[in-house]
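This is what each chain is made of:
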Amino acid sequence: MKQEALAIAIGLSQQTVSNIEASEAVDEERLIEIAKALGVTKEAIENFSEESVFNFFNNFHDHSSISGAQGINNNCNFNPLDKVVELYERLVQAEKDKVEYLEKLLKGK
């Protein structure tokens, strides 16, 4: 979550959120507000480590094959890269349409 979005969610300025991130200690009540806005527990923030995140995702991936054996299919039936290219092409086309529209407006004056 971006600082600005978090700031809005907890009613603070973006600069205040930046200062909180840079500080070593956070007020208990503020930490509870932040946890609620992020959809996690206060303890999850207090016990956060990059190693635990990697372990979570590694375990999630390791267990996904077990789930598949139980009839749950977690496999994508599309290439994610194709979806990114498709989105990019749509965005480029939208920009071209905007330019064309603006050029028509300028020629009409």
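Quick summary incoming for the structure in this document. (Residues numbered from 1 in each chain as written. Predicted model: local features only at pLDDT ≥ 70, side-chain atom pairs only at ≥ 80, totals over all residues. Heavy atoms only, no water.)

Let us look at the overall build of the protein chain. The helix and strand inventory of the protein chain stands at 6 helices and 0 strands. Going from the N terminus to the C terminus, the protein chain shows its helices and strands as α-α-α-α-α-α. Expressed as a percentage of the 109 residues in the protein chain, the buried residues total 8%. For the protein chain, contacts bridging at least 24 residues in sequence account for 22% of all contacts bridging at least 6. When the accessible surface of the protein chain is totalled, it reaches about 9500 Å², and 56% of it is carbon and sulfur. (Helix = DSSP H or I, 4+ residues; strand = E, 2+ residues; numbered from the N terminus. Buried < 20%, exposed > 50% of the residue type's maximum accessible area, 1.4 Å probe, protein only. Contact = heavy atoms within 4.5 Å. Areas by Shrake-Rupley, 256 points an atom, 1.4 Å probe, with all protein chains shown as cover.)

One can find Gln14 in helix H2 (residues 14-22). Residues contacting Gln14, with those up to four places away along its chain left out, are Gln3, Glu4 and Ala7.

This next bit is on the packing of helix H1 (residues 3-10) against helix H3 (residues 28-38). Closest axis-to-axis distance for the H1/H3 pair is 10 Å, and the angle between their directions is 115°. In this view, H1 runs roughly perpendicular relative to H3, as classed from their interaxial angle. Handedness of the H1/H3 crossing: right-handed. Between H1 and H3, the residues in contact are Leu6, Ala9 and Ile10 and Glu33, Ile34, Ala37 and Leu38, respectively. Within the contact of H1 with H3, the residues separate by chemical class into 6 nonpolar, no polar and 1 charged. (Axes fitted to C-alpha atoms, helices over the stretch in contact; angles between N-to-C directions. Parallel < 35°, antiparallel > 145°, perpendicular 65-115°, else oblique. Left-handed = near helix turned anticlockwise from the far one by under 90°. Nonpolar A, V, L, I, M, F, W, Y, C, P; charged D, E, K, R; others polar.)

The subject of this paragraph is H1. Turning to H1, its buried residues number three or more, namely Leu6, Ala7 and Ile10. Along H1, the residues classed as buried sweep out an arc of 105° about the axis, all on the same side. Of the exposed residues in H1, the ones pointing more than 90 degrees away from its buried face are Glu4 and Ile8. Summarising the contacts, the buried residues of H1 are in contact with H2 and H3. One or two positions beyond H1, positive phi appears at Gly11, with a value near 75°. (Arc of directions from axis to C-beta.)

We now examine the nonpolar core. Leu6, Ala7, Ile10, Val17, Ile20 and Ile34 form the largest nonpolar core, which has 6 residues in total. The biggest single contributor to this core is H1, with 3 residues. Setting aside residues no more than four positions away along its own chain, Leu6 makes contact with Met1, Val17, Ile34, Ala37 and Leu38. (Core = buried A, V, L, I, M, F, W, Y, C linked by side-chain atoms within 4.5 Å.)

Bringing a nonpolar patch on the surface into the picture now. Where nonpolar side chains cluster on the molecular surface, the patch consists of Met1, Leu38 and Val40 and spans about 280 Å² of accessible area. Within the fold, Val40 resides in the loop between H3 and helix H4 (42-46). For Val40, a relative accessible area of 38% translates into the label partly exposed. (Patch = residues over 30% accessible without salt bridge, like charges linked within 9 Å, V, L, I, M, F, W, Y side chains within 5 Å. Salt bridge = Lys/Arg side-chain N within 4 Å of Asp/Glu carboxyl O.)

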